[in-house]
Amino acid sequence: ANDDFAHEIADLEIDLAALEYTELRTLAAESKGQMAGPESSILKIRGTEISQKITELTLEAIGDYGLPDERSFGANEYIGPDYAAGAAGRYFNMRKLSIFGGSNEIQRNIIAKAVLGL
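Quick caveat: nothing in here was measured; it's all calculated off a predicted structure.

A. The arrangement of the overall build of the protein in detail. Within the protein, the regular secondary structure consists of 4 helices and 0 strands. Helices and strands appear in the protein in the N-to-C order α-α-α-α. Taking all 118 residues of the protein together, the buried fraction comes to 25%. Within the protein, counting contacts between residues at least 6 apart in sequence, those at least 24 apart form 67% of the total. For the protein, the exposed area adds up to about 8200 Å²; of that, 58% sits on carbon and sulfur atoms.

Here is the structure:
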């Protein structure tokens, strides 16, 4: 199971590097006066998927300590490390990113139309 988790972390690091390079290519093209193409949709989709994966792996790493607890409701008592408090809330909050700025499905349609010239 640890090998699977380490593999997921490595995949996430690769995805982050690819996202960074795509963003840099987009910024370079804009600095030359070129209009953004489907790259902006790609950045939106991949950015949201990566953000969601980070919160998912965080919950996986902290296990049961990531469960919503009384601290979320104003209580002062908490069992577990401080960094685990709120992890579930962040995870659930990140689910909405797939919808913000146009759903990922709509963004994929924009990419398809741009690539196919429709």
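So much for the structure itself; the text now carries on.
B. Examining the packing of aromatic side chains more closely. A complete count under the given rule lists 1 aromatic pair for this structure. Both rings, one in Tyr91 and one in Phe92, keep their centres 5.1 Å apart while their planes meet at 75 degrees; by these two values the pair is edge-to-face.

C. Quick look at helix 2 (residues 39-62). With 24 residues, helix 2 should reach 34 Å at 1.5 Å per residue; the first-to-last C-alpha distance of 34 Å fits that figure. Among the residues of helix 2, those classed as buried are Ser41, Leu43, Lys44, Ile45, Gly47, Thr48, Ile50, Gln52, Thr55, Leu57, Leu59 and Ile62. Tucked inside the fold, the buried residues of helix 2 contact helix 1 (2-31), helix 3 (87-94) and helix 4 (104-116). Looking one or two places after helix 2, you find Gly63, whose phi comes out positive at around 60 degrees.

D. Representation of the pattern of salt bridges within the structure. The full count for this structure, using the stated rule, is 4 salt bridges. Of the charged contacts, one joins Arg46 and Glu49 as a salt bridge, the two residues approaching to 2.4 Å between their closest N and O atoms. With Arg46 and Glu49 both in helix 2 and 3 residues apart, the pair spans about one turn of that helix. On the basis of relative accessibility, which here comes to 28%, the residue Arg46 falls in the partly exposed class. In this structure, Glu56 engages Lys53 in a salt bridge whose closest nitrogen and oxygen atoms are separated by 3.4 Å. Remark: Lys53 and Glu56 occur in helix 2; sequence separation between them is 3 residues, near one turn of the helix. In this structure Lys53 comes out as partly exposed when scored by relative accessible area, which is 24%. If you follow the salt bridges from partner to partner, you end up with Glu8, Lys53 and Glu56 in one network.

Thresholds, definitions, all that
Residues numbered from 1 in each chain as written. Predicted model: local features only at pLDDT ≥ 70, side-chain atom pairs only at ≥ 80, totals over all residues. Heavy atoms only, no water. Helix = DSSP H or I, 4+ residues; strand = E, 2+ residues; numbered from the N terminus. Buried < 20%, exposed > 50% of the residue type's maximum accessible area, 1.4 Å probe, protein only. Contact = heavy atoms within 4.5 Å. Areas by Shrake-Rupley, 256 points an atom, 1.4 Å probe, with all protein chains shown as cover. Phe/Tyr/Trp six-rings, centres within 6.5 Å; stacked < 30°, edge-to-face > 60°. Expected span 1.5 Å × (residues − 1). Salt bridge = Lys/Arg side-chain N within 4 Å of Asp/Glu carboxyl O.

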